[in-house]
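# Overview (structure and organization)
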Amino acid sequence: MRAPRLLVPVLTAASLGLAASASAQTCDTAAVGVQVLGSGGPRVNRDRASSSYLVWLAGQGRLLVDAGGGAFLRFGQAGGRLEDLSLIALSHLHPDHVSDLPALLWLSEQARKEPLRIVGPSGNDSVPSLPTFLSRLLDEKTGAFQLLGGALRGAGQGVPLDVSVVDAARVEPTIVFEQNGVSVAALGVPHAGIPSVAYRVQAAGAVMVFGSDQTGTNPRFAEFARNADVLVLHFMIGAGAKSPLHAAPDVVGRMARDAGARRLVLSHIGQFNLDAAVAEVKKEYMGPVTLAVDLQCTPAR
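These remarks concern the structure in this document. Nothing here was measured: the structure is a model prediction, and the numbers come from that model.

### A short note on the pairing of strand β10 (residues 206-210)
Most of β10 sits inside the fold, with five of its five residues counted as buried. Burial along β10 is two-sided: A206, M208 and F210 facing one way and V207 and V209 facing the other are all buried. As defined by bridge partners, strand β9 (residues 196-203) adjoins β10 across five bridges and the pair is classed as antiparallel. Within the sheet, the bridge partner assigned to R200 lies in β10 and is V209. Following β9, the chain reverses through two residues before pairing antiparallel with β10; A204 in that reversal takes a positive phi of roughly 50°. In the sheet, β10 pairs with strand β11 (residues 230-234) via three bridges, with the strands oriented parallel. By the bridge assignment for β11, M208 is matched with V230.

### Considerations on the sheet that holds strand β2 (residues 52-57)
Taken in spatial order, the seven strands make up an open sheet running β6-β5-β4-β3-β2-β1-β14, and their pairing is mixed. Of all strands in the sheet, those bounded by a partner on one side alone are β6 (161-166) and β14 (297-299). Across the sheet, the axes of successive neighbouring strands diverge by a mean angle of 25°, strand direction being ignored. Here strand β1 (residues 32-38) runs beside β14; their pairing, made up of three bridges, is antiparallel.

### Quick notes on the layout of surface pockets
Empty space within the largest pocket amounts to approximately 160 Å³. Residue classes in the lining of the largest pocket are distributed as four nonpolar, four polar and seven charged.

Parameters and conventions
- Residues numbered from 1 in each chain as written.
- Predicted model: local features only at pLDDT ≥ 70, side-chain atom pairs only at ≥ 80, totals over all residues.
- Heavy atoms only, no water.
- Buried < 20%, exposed > 50% of the residue type's maximum accessible area, 1.4 Å probe, protein only.
- Helix = DSSP H or I, 4+ residues; strand = E, 2+ residues; numbered from the N terminus.
- Pairing = 2+ DSSP bridges.
- Axes fitted to C-alpha atoms, helices over the stretch in contact; angles between N-to-C directions.
- 1 Å grid on protein atoms, 1.4 Å probe; cavity = no way out; pocket = protein on both sides within 12 Å on 5 of 7 lines; lining within 4 Å.
- Points joined across faces, edges and corners; volume = space filled by probe spheres on them.
- Nonpolar A, V, L, I, M, F, W, Y, C, P; charged D, E, K, R; others polar.

What follows is the structure, given as structure tokens:
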């Protein structure tokens, strides 16, 4: 018997210590909602997998956003099924966002025969584009996991992937998926020269936005995330800190405020004084704030 879903309307930093350990929860009774599979970042954390999110629609886990370390385990704990997925959306190609992709694809052809859509960013001199990344990973002759060549429609195992690329340098948002009343748009966001993509999901009358790793300096992001029912922003550095990769807490708060988000979920959580950092967010954003924990479910409607 599955445990009831975990609903966390508001978590404070002080209460986080009581709720940081993941347990087998499910979001499958939500009409539309966001389940955090991984609330951590690149550093080792006994309670947090790396970044990954599952969008539930009418009892099915339909959209997977990122697949960092631990996502494979959390996907199973959440009750996710490969045959239910319509799309895998990768924000960028840092390991803490993609390292569990091969685990998800291994034996995936036994769970489904229908090709699986996957979308991710274009490349530059620092990182490859998504198609090049997948080729280096999965090519039947030259890939690191040659046995998964079926994912690229070659010999071997793995459900066939339909690969799409987002031009992370494009100024305007791009529609990357439209099917059965679900629309997904993508927008490039600044991440110290690493192509990074935010995603906006519209489904069942709700809007869910995943901000990805970013500095918060794209002036178009506020409109992209406008009126999000659930806005997931990454919370990697503490109060008073600066980073060329990530937005500071006060910037995170302004991003949520300027977007008019109805709820802010802070995820990809770093190791710092959370109370002080959350206080900085709340100086800018007056709406409800949730500190993410693994397997937490936030209904969007």
